[in-house]
Structures are given as structure tokens and as C-alpha cells.
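Commentary on secondary and tertiary structure
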Amino acid sequence: MKRFLTTIVFCLIFLATPLRAHAHSASTAYLRLLPRDATVAVQLSVALRDLDYAVGLDTNGDGRITWGEVRARETAIDAYALSHLAIAADGAGCPPGPVTHLTDQLSDGAYAVLQFNAACSGKPHRLRIDYSLLFDQDTLHRGLINIVTSNGANHAGVVSPTTRSLSLDLSASEGGAAFFDTVESFCVTGIDHLLTGIDHMLFITMLLIPAVFVRKRGADGRETQVAANNFRTVFVESLKVLSAFTLAHATTLTLSVLRIVYIPERLSESGIALTIVLTALDNIFHFMPARRWPLAFAFGLVHGLGFASALGPLDLPPVALGVALVAFNLGLEMAQITIAAVVLPLGFALRQTLFYPRRVVPGISAAVGLLALAWFTDRAAGLGLMPF
Amino acid sequence: MTIEMKKMIGPGAGETPRQPGRRRLALLMIAGLGVLIAGATFAAPRIPADDSAVLEILPDAKSLQTRALRAAEQALAAKPGDLPAALAVARAAIHQARREGDPRWLGHASAALAPFLTARPGAQISPDVRLLHAIILQSTHDFPASLDELAIVLRADPNNGQALLTRAAIRLVRADLAGASADCAAFAQTRAGLLADSCTASVMAQKGAAPRALRALTLSLASHALEAAQNPETAAWAATIAAETAAHLGDTSADARFHAALAIDATDPYVLAAYSDFLLAHDRAAEVVTLLASHTKNDPLLLRLTLAEIAVRAPLAANHIADLGARFEASRLRGESVHRREEARYRLDITHEPARALALARANWQVQREPADAAILLAAGRANQDEAAIATAHAAIALAGWNETAMLAGLMPVSQGS
């Protein structure tokens with residue numbers, strides 16, 4: 001058992017590391033394009049060191065680039081980036097929409113990340129990218145371009161001072177495998193959303209932590225909890241909880257994507273934070289019914305609304321929409337099982353120790369509860385102070 | 001809803017004997033979960049919570065050299081097409097690239113020169129532009145193109161010292177020892193001193209005359225103290241060649257000589273790499289971890305840091321292995337060949353992919369043929385039981401009279417050219 005757990009720990013570390021994106025110490029920018037119908041979602045990552053040279057970021061000259069300094073130069077950054085990057089579909093330009101500014105830490109330093117949608121006049125068949133960022137200041141600069149089409153096909157290319165444009169025939173990449181590509185792409189979106197959305201991950205963890213205990217009502221009417229005898233009990237309990245959660249979020253997710261119900265994002269997001277607060281509190285104080293699956297179902301309805309906002313409006317034909325929804329839910333489910341595979345064996349191994357139920361469970365629950373409370377306040381009041 | 005406090009109970013006394021080490025295991029697992037959450041959270045682009053969050057620290061922002069480069073680039077921007085301004089930028093940027101080991105400055109130098117590299121009708125390309133261009137090409141390992149430029153410069157000006165030294169370095173990298181020797185001699189005719197002696201000694205050390213090279217350099221360092229004091233870079237180069245040669249000979253002075261080189265410039269990437277190789281060969285990996293902890297942005301140094309971290313089982317090793325893999329992948333996508341020797345070592349010793357290591361070592365051997373290149377070719381050849389690669393490496397070793405044992409331990413002097 002111990003060996004098995006050690007293996008899990010190692011897997012965790014290796015799972016976490018490949019998430020770090022590519023980088024090299026020579027100047028490299030990363031351009032990612034996602035063509036969806038007439039819109040191309042664009043993400044451009046440029047090293048802050050290079051941008052500092054091109055437009056001047058370190059305004060106070062102290063050798064440190066702060067987020068405030070980047071924000072103060074947003075207009076200049078946009079003007080520079082958008083005058084050196086052009087996207088065209090079938091010979092007609094796709095003008096860029098408003099730019100969202102973010103930042104990313106890659107292995108060779110911090111990057112400015114620009115996200116925007118380029119609006120083409122129709123669904124592009126042939127996409128052309130003209131790129132000339134930084135070439136006038138650094139001839140060793142390269143732009144690594146990655147285009148992911150709606151069926152999940154990946155195309156990579158490099159732009160350099162001598163090859164400043166890249167063309168791609170999108171129609172050629174949409175073949176018979178489109179169905180499975182859609183399934184794969186939405187499945188991956190589902191996994192990605194759950195694993196990078198830390199709030200959903202913490203909620204699942206909060207739901208599953210107590211599954212290794214059984215709550216019993218004693219003769220005096222007081223509720224106590226004891227460690228589960230065998231893994232089967234734990235497994236069945238977790239299965240019920242996760243299934244209820246999935247069924248619930250699949251329902252509201254479908255209803256929102258079909259636009260039968262509409263809940264403002266601010267409401268659904270603060271609702272999600274509230275479900276985490278309540279579940280974490282229940283792990284400490286046991287004020288809700290001992291059976292967890294109805295709770296998982298009720299709260300799952302709220303989380304489904306949140307997933308819907310991640311998926312966005314989908315203008316797909318009915319069959320493709322159904323496939324996409326099933327695939328997205330499958331992806332979410334796989335990610336949930338991954339979390340369960342971490343939390344449950346851990347809890348099961350430690351369920352009979354004193355410190356796990358007395359220290360670890362309340363400790364983690366309290367920390368998560370506090371964090372979720374902060375999220376709730378932040379989201380409900382629309383403060384926008386929390387980073388994720 | 002009323003919240004009732006309820007007591008949580010643990011296992012009954014004596015139910016399960018407490019196992020020692022369980023708590024540690026639990027902590028480990030919690031730490032693992034932390035790593036997962038951190039990895040998942042920070043991998044994606046984010047919006048920092050606070051305007052005062054420091055995203056990037058510009059290396060060396062306040063140094064004189066950095067400010068001089070900025071000023072030169074601003075002057076050129078104000079006067080585009082001005083040759084002296086462009087040359088000033090290129091010189092400052094090449095200098096900066098050497099100090100920091102950051103290739104982006106070579107790109108800056110090249111960008112400043114680009115408008116002057118195409119001959120306009122009736123006008124020659126300036127020899128100064130050609131020379132700086134040759135140095136940039138040498139640094140990006142485009143040796144044939146660099147030699148072409150140097151040949152043109154030297155035809156017009158056979159005693160151009162910088163051109164002779166640059167060509168000597170390239171010839172040394174490509175195991176053209178006779179050619180390198182001739183360049184050093186031509187340089188010494190007009191400018192005898194520590195620089196000329198260092199050039200000659202670096203060739204001698206690879207020619208199988210390491211003891212003589214070490215004696216000559218020791219003498220030269222002692223008799224040219226003034227030149228050394230006036231030109232710290234020359235002094236550092238001489239001290240490094242001496243240290244590497246001593247290390248190769250198993251001379252006890254090696255460690256002190258590396259320290260002498262580091263005393264001149266503690267952040268010189270070349271000296272740091274050479275000293276790290278020395279420490280790794282002598283089972284002193286823990287010192288490499290300390291020495292290189294803050295040099296993770298330089299790929300060759302990150303490789304040595306990672307090798308050391310694996311040796312001492314440091315926790316950061318897994319992250320650095322992934323970082324190196326990502327950088328080599330980006331380098332491949334960029335179509336570069338600068339760090340093939342480093343990547344071969346990475347594939348051979350870290351990720352254990354001998355076939356890929358051999359392919360890289362072979363491709364690298366086509367470009368550069370220093371002892372370290374022969375060493376990686378031999379090691380990769382042995383790992384794949386590839387007789388042809390082993391024979392090629394052995395032939396080179398026999399021809400030059402290198403000490404194979406020291407070479408395989410990573411203790412061979414390599415020229416500044418790589």
C-alpha cells in the first residue's frame with residue numbers, strides 16, 4: 001500500500017510539471033489561434049523583457065516590471081502588437097476586437113499575454129498570418145505559431161525575419177475524423193476546465209474527504225463518525241456522490257447551453273463559492289444530512305451553470321451539439337475521477353489515524369472554507385480582487 | 001439552520017497500531033497535492049491580483065554596460081542609417097551577450113547591422129560590419145558563414161587582431177589545430193602578451209601538449225600582470241584555460257585556478273560551466289547546486305545544475321528536467337543547432353534516450369569537433385554499441401593525443417568558440 005501511495009505522489013509531481021509551457025532563452029513569442037466559425041480566438045505571449053525594449057515597460061527604471069507598469073502601457077502594447085500582427089481569411093483581413101491582458105510565467109521568464117477575437121467576414125477556408133513583432137530589434141527572435149482547428153487538429157509553424165507569414169488551408173484538415181476530433185477536443189476542454197478551475201477541484205475534494213468515514217447516530221441522538229471498514233463502502237459512497245454531482249451539473253449545463261435557462265455569471269460564480277463554503281463547514285461541524293449525495297446533486301446544479309459559462313454559446317448543429325455536450329461531460333467526469341483517485345486512497349490510508357480526522361480534515365476544510373468565503377465576497381460584490 | 005458543534009472521534013484506542021513514518025508519508029502526499037494545484041493554477045495565463053506584483057526582474061538593469069547598450073540603441077533609433085551608431089550598438093550588444101550568455105543580445109547586434117550587410121551599388125560593405133557579423137555568426141555556431149566573412153576581412157587587413165582571434169577560436173572548435181596555431185602566431189607577431197599566449201596555450205592544450213601549455217600560461221599570467229589588470233576579460237580567459245588544462249592533467253592547482261577566474265568575474269557563464277564540469281567530475285555535485293542556483297536561464301548552465309541536482313537527489317530536479325526538455329523542444333521548433341551537444345548529454349544521461357543522443361551527437365560532430373564533442377560521440381556510441389561512432393571518436397582522440405579517461409569524465413578544455 002505504501003509503495004502504491006508513493007507512486008501516486010510521484011505521478012502528481014510529473015503531472016504538474018509538463019503543464020509548464022515551452023520556452024527558450026533566445027527570444028521566442030508564442031501565438032495560438034483557434035478558428036471557430038467566422039471568429040478566430042487569438043492568444044499572443046511575448047516575453048516582458050522583449051516588450052520592455054520595444055515599448056518601454058519599466059517606467060520607473062528600477063529593473064523590476066510590475067503588473068501596474070504593464071497595465072499602464074496597455075495602449076502602447078496593443079498598438080505595437082496589433083500593428084505587427086495581421087490575420088486574414090481568404091484574402092480579407094480579420095480585424096481584432098478588444099484585447100484582454102494577462103500574464104504567464106514560463107520557464108525562461110514572465111510573458112505578457114494578449115487575448116482577443118479576430119472577426120473574419122465568414123468561416124475561413126484559408127488562414128494567413130503576417131507577423132513582424134520584434135524582428136527589427138532582434139533578428140534571432142522567432143514566433144512559434146500553433147493553430148488548433150475546431151475539430152482539434154493541431155498545426156504548428158515558425159515565423160522568422162526571412163519568413164514573416166504563414167498560410168494554412170483549414171478545409172484540408174477537416175476530414176472524416178471530424179467526429180472523433182470533436183469528441184476529443186470537447187473532452188479535453190472538460191478535463192482542462194475542471195483541473196485548472198481550482199474552485200471546482202476544491203469542491204470535489206471537499207465532497208470526497210469525508211467519504212472514508214461513516215456517520216452514525218448514537219443512542220443519545222448525538223452524531224458521531226467512525227472510519228469505514230472497507231474500501232467498498234468508501235467506493236460506493238463516492239460513486240453515489242460523484243454520480244449525483246455529474247447528473248445535476250449535466251442537467252443545468254445542457255439547459256444553459258440550449259439557453260433554456262439563463263443565470264448571470266456573477267450569480268452562478270458566487271453560488272459556486274457558496275457551495276464550497278457550505279460543504280467545507282459541514283466537514284467540520286456536520287450540520288447537514290449525513291447522506292452526501294442529495295447535497296452533491298443540489299450543489300451540482302449550481303456548478304453546471306458555471307461549466308456552461310466556460311463552454312460559452314455553442315452554435316453547433318443539434319447532433320454535433322449533443323456529441324460536444326456528452327464529450328465535455330465525459331471530460332469533466334474523467335477529471336473528477338482523477339481527483340477521487342488522489343483524495344480517496346489518501347484518506348483511506350489515513351482514516352484510522354488520529355490526526356487525519358482531527359487535524360487534516362478540519363484543517364484543510366477550514367482553509368478551503370475561508371478561501372471560498374473570500375471568493376464569495378469577491379464575486380458577489382464584483383470586486384475582482386482575487387486572481388482566479 | 002442552527003449549527004451544532006459535534007465531536008469528531010478518531011479510531012478507538014488500540015484499534016490500529018500507529019505506524020511510524022505515516023505522518024511523513026501524509027505530509028509528502030499533501031505536498032504532492034500542493035504541487036499539482038500550484039502547477040494547474042499557475043500554468044495558465046492569469047491576471048495578477050495586485051498592481052504592485054513584480055512579474056519580471058530585468059537582469060543587470062542598472063549596470064553601466066546595460067545602460068550603455070540602451071543609450072546606443074536609442075542613439076541609433078534617432079539616427080537610422082548611421083554606420084558608427086550601428087557599430088556602437090553591435091559592439092555593446094555582443095559584449096552584453098558574452099556577459100550574460102543571453103543569445104537575444106546577438107539578435108540585437110545583428111538587427112543593428114542588418115541594413116549595412118547588403119552592399120549598395122558602388123559601395124562596399126564596411127569591414128567593421130563584416131567583422132562584427134562574423135563574431136555573431138561564430139556565436140550562433142554558423143561557422144562556415146563566419147569563416148567566409150573573416151576571410152574577406154583578413155584579405156584586406158591580414159593583421160586584424162580581432163579577426164585572427166575569432167578565426168583561431170572557430171578553427172579550434174572544428175579541430176583545425178594547425179590553422180588555429182597559425183592564427184595565434186600571426187596575432188602574436190603584432191601583439192605579444194597575455195592574449196596571444198592564451199590563444200597559443202588553448203591550441204597547445206588540445207594538441208596533446210597540455211603540461212607545456214599550463215607552464216607557459218602560468219609564466220605569462222605572472223609576467224603580464226599589468227595587461228591582466230587592464231583587461232579583466234583577457235585575464236579571465238587566461239585563468240580559465242589554465243584551470244581547465246590543470247583539471248585535465250589532474251593538477252592539484254585546478255580548483256584554485258577556477259577560483260582565480262571566478263574572482264575576476266563571478267558570473268561569466270563560460271567559467272561557471274567549466275568549473276561545474278570539474279566539480280561534477282570530482283563528485284562535488286552539491287557545490288554545483290549552490291554555484292548555479294541562480295543561473296537557470298542559461299541552458300548549458302541549467303543542464304549542469306540539473307545533473308548536479310539529480311546526483312544529490314534535490315527536489316527541484318524534476319522541474320528542471322521538464323524545463324530543459326521544453327527549451328530543447330522550443331529550440332528544435334526554432335530550427336536551431338546551438339545546443340546539440342548539451343541536448344545529446346541531456347538525452348543520454350538524464351532522459352535515457354540513447355538513440356536520440358547518438359543522432360544529436362553525430363549531427364553535432366558535423367559542426368564542431370572539440371574534445372567534449374568527441375566525448376559525447378564516444379559515450380553515445382558506446383551506449384548504442386555503434387562501432388562507427390566509436391571509431392570516429394577514437395580516431396579523433398588518437399590524432400590529437402587526448403587523454404580519453406579525463407575526456408570522458410568531462411575534464412577537457414574547450415575553446416571559447418562554443
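This one's a predicted model, so the numbers in the text were calculated from it and none came from an experiment.

The subject of this paragraph is the overall build of chain A. Secondary structure summary: chain A contains 12 helices and 13 strands in total. Looking at the 388 residues of chain A, the share that counts as buried comes to 43%. Put simply, of all contacts in chain A between residues at least 6 apart along the chain, 73% involve residues at least 24 apart.

To continue, consider the overall build of chain B. A count of helices and strands for chain B gives 22 helices and one strand. Burial statistics for chain B: of 418 residues in total, 45% are counted as buried. Contacts in chain B between residues at least 24 apart in sequence constitute 52% of all its contacts with a sequence separation of at least 6.

For the rest of this paragraph, the subject is the sheet that holds strand 4 (residues 85-89) of chain A. With respect to topology, four strands assemble into an open sheet ordered 5-4-8-11 (chain A), the strand pairing being antiparallel. For this open sheet the edge positions go to strand 5 (92-93) and strand 11 (165-169) of chain A, each flanked by a neighbour on one side alone.

This part covers helix 10 (residues 210-223) of chain B. Residue and element names in this part refer to chain B. Relative to the 20 Å expected for 14 residues at 1.5 Å per residue, helix 10 spans 20 Å between its end C-alpha atoms, a close match to the ideal helical length. Here helix 10 has its buried residues at Ala210, Ala213, Leu214, Leu217, Ser220 and Leu221. All buried residues of helix 10 fall inside an arc of 135 degrees around its axis, so they share one side. Exposed residues lying more than 90 degrees from the buried face of helix 10 are Leu219 and Ala222. Looking at the buried residues of helix 10, the elements they touch are helix 9 (194-206), helix 11 (225-230) and helix 12 (232-249).

Okay, helix 12 of chain B next. Residue and element names in this part refer to chain B. Counted at 1.5 Å a residue, the expected span for helix 12 with its 18 residues is 26 Å, and the 25 Å between its end C-alpha atoms agrees. Among the 18 residues that make up helix 12, 14 are buried, leaving the element largely enclosed by the rest of the structure. In the segment just after helix 12, glycine 250 is the residue with positive phi, at about 75 degrees.

Once that is clear, we can look at the environment of leucine 31 of chain A. All names here are of chain A. Position of leucine 31 among the secondary structure elements: in strand 1 (residues 28-36). For the pair formed by leucine 31 and valine 113, sequence separation is 82 residues and the distance between their alpha carbons is 9.6 Å. When residues no more than four places from it in sequence are discounted, the contact partners of leucine 31 are Leu44, Tyr131, Gly143 and Ile145.

Moving on, we get to the nonpolar core. Counting 91 residues, the largest nonpolar core has Ala90, Ala93, Ala109 and Leu132 of chain B as its most contacted members. Residues Ala244, Ala327, Leu346 and Val361 of chain A belong to the second largest nonpolar core, which totals 57 residues.

A few words now on the sheet that holds strand 9 (residues 142-148) of chain A. All names here are of chain A. Taken together, six strands build an open sheet; the order of strands is 6-7-2-1-9-10 and the sheet is mixed. Every other strand in the sheet has two partners, leaving strand 6 (100-106) and strand 10 (154-159) as the edge strands with one partner each. Put simply, the sheet's adjacent strands are angled 20 degrees from each other on average, direction ignored. With seven bridges connecting them, strand 6 and strand 7 (residues 109-119) associate as antiparallel partners. The residue of strand 7 that forms the bridge with leucine 102 is valine 113.

To continue, consider unusual backbone geometry. Positive phi, close to 50 degrees, is recorded for aspartate 90 of chain A, a residue that is not glycine. Within the secondary structure layout, aspartate 90 of chain A lies in the loop between strand 4 and strand 5. Judged by local crowding, aspartate 90 of chain A falls into the partly exposed class, with 15 C-beta atoms found within 10 Å. For arginine 313 of chain B, which is not a glycine, the phi torsion comes out positive at approximately 55 degrees. Tracing the backbone shows arginine 313 of chain B in the loop between helix 16 (299-311) and helix 17 (317-334). Under the C-beta neighbour-count criterion, arginine 313 of chain B is labelled exposed, with 8 such atoms within 10 Å.

This paragraph deals with the packing of helix 7 (residues 161-173) of chain B against helix 9 of chain B. Residues and elements named next belong to chain B. Where helix 7 meets helix 9, the closest approach of the two axes is 11 Å, and the angle between their N-to-C directions is 10 degrees. By the criterion of interaxial angle, the relationship of helix 7 to helix 9 is roughly parallel. Where helix 7 abuts helix 9, its residues Leu165, Ala168 and Leu172 lie against Cys199, Ser202, Val203 and Gln206.

Let's shift gears to the packing of helix 9 (residues 265-285) of chain A against helix 12 (residues 355-380) of chain A. Residues and elements named next belong to chain A. Viewed as axis vectors pointing N to C, helix 9 and helix 12 meet at an angle of 160 degrees, and their least axial separation amounts to 8 Å. Classified by the interaxial angle, the pair formed by helix 9 and helix 12 is roughly antiparallel. As for the relative orientation of helix 9 and helix 12, their crossing is left-handed in sense. Here Arg266, Glu269, Ser270, Ala273, Leu274, Ile276, Val277, Ala280, Leu281, Asn283 and Ile284 of helix 9 lie close against helix 12, whose contacting residues are Val361, Pro362, Ser365, Ala366, Val368, Gly369, Ala372, Leu373, Trp375, Phe376, Arg379 and Ala380. Broken down by class, the residue content of the contact of helix 9 with helix 12 amounts to 16 nonpolar, four polar and three charged.

With that out of the way, let us pick up the environment of glutamate 233 of chain B. All names here are of chain B. Tracing the backbone shows glutamate 233 in helix 12. Among the residues examined, glutamate 233 registers 14 C-beta atoms within 10 Å and is labelled partly exposed. It is 8.0 Å that separates the C-alpha atoms of glutamate 233 and isoleucine 264, two residues lying 31 residues apart in sequence.

So, about the confidence of the model for chain B. Residues and elements named next belong to chain B. Summing up the model confidence of chain B, the mean pLDDT is 83 and the portion of residues at 70 or higher is 86%. Contacts for the low-pLDDT stretch residues 1-43, under 50 throughout, to residues beyond four places or in other chains number 58 contacts. Across the interfaces of the predicted complex, the ipTM metric reaches 0.75, alongside a pTM of 0.65.

This part is about the pairing of strand 8 (residues 126-131) of chain A. Consecutive residues of a regular strand have side chains that alternate between opposite faces of the sheet. Residues and elements named next belong to chain A. Burial of the side chains of strand 8 is restricted to one face: Leu127, Ile129 and Tyr131 are buried, whereas none of Arg126, Arg128 and Asp130 on the reverse face is. Here strand 4 runs beside strand 8; their pairing, made up of five bridges, is antiparallel. Within the sheet, the bridge partner assigned to alanine 86 lies in strand 8 and is aspartate 130. Across five bridges, strand 8 lies against strand 11 in antiparallel orientation. Opposite isoleucine 129, over in strand 11, you have leucine 166 as the bridge partner.

Attention shifts here to the confidence of the model for chain A. All names here are of chain A. Overall, the prediction assigns chain A a mean pLDDT of 79, with 82% of residues at 70 or greater. Within chain A, the lowest mean pLDDT, 30, falls on helix 1 (residues 2-16), and the highest, 95, falls on helix 4 (residues 74-83). Scored below 50 in pLDDT, residues 1-24 makes 54 contacts in the model with residues more than four places away or belonging to other chains.

What counts, and where the lines are drawn
Residues numbered from 1 in each chain as written. Chains lettered and ligands numbered in written order. Predicted model: local features only at pLDDT ≥ 70, side-chain atom pairs only at ≥ 80, totals over all residues. Helix = DSSP H or I, 4+ residues; strand = E, 2+ residues; numbered from the N terminus. Buried ≥ 20, exposed ≤ 12 C-beta atoms within 10 Å, placed from the backbone. Contact = placed C-beta atoms within 7 Å. Pairing = 2+ DSSP bridges. Expected span 1.5 Å × (residues − 1). Arc of directions from axis to C-beta. Core = buried A, V, L, I, M, F, W, Y, C linked by C-beta atoms within 7 Å. Axes fitted to C-alpha atoms, helices over the stretch in contact; angles between N-to-C directions. Parallel < 35°, antiparallel > 145°, perpendicular 65-115°, else oblique. Left-handed = near helix turned anticlockwise from the far one by under 90°. Nonpolar A, V, L, I, M, F, W, Y, C, P; charged D, E, K, R; others polar. pLDDT = per-residue confidence, 0-100.

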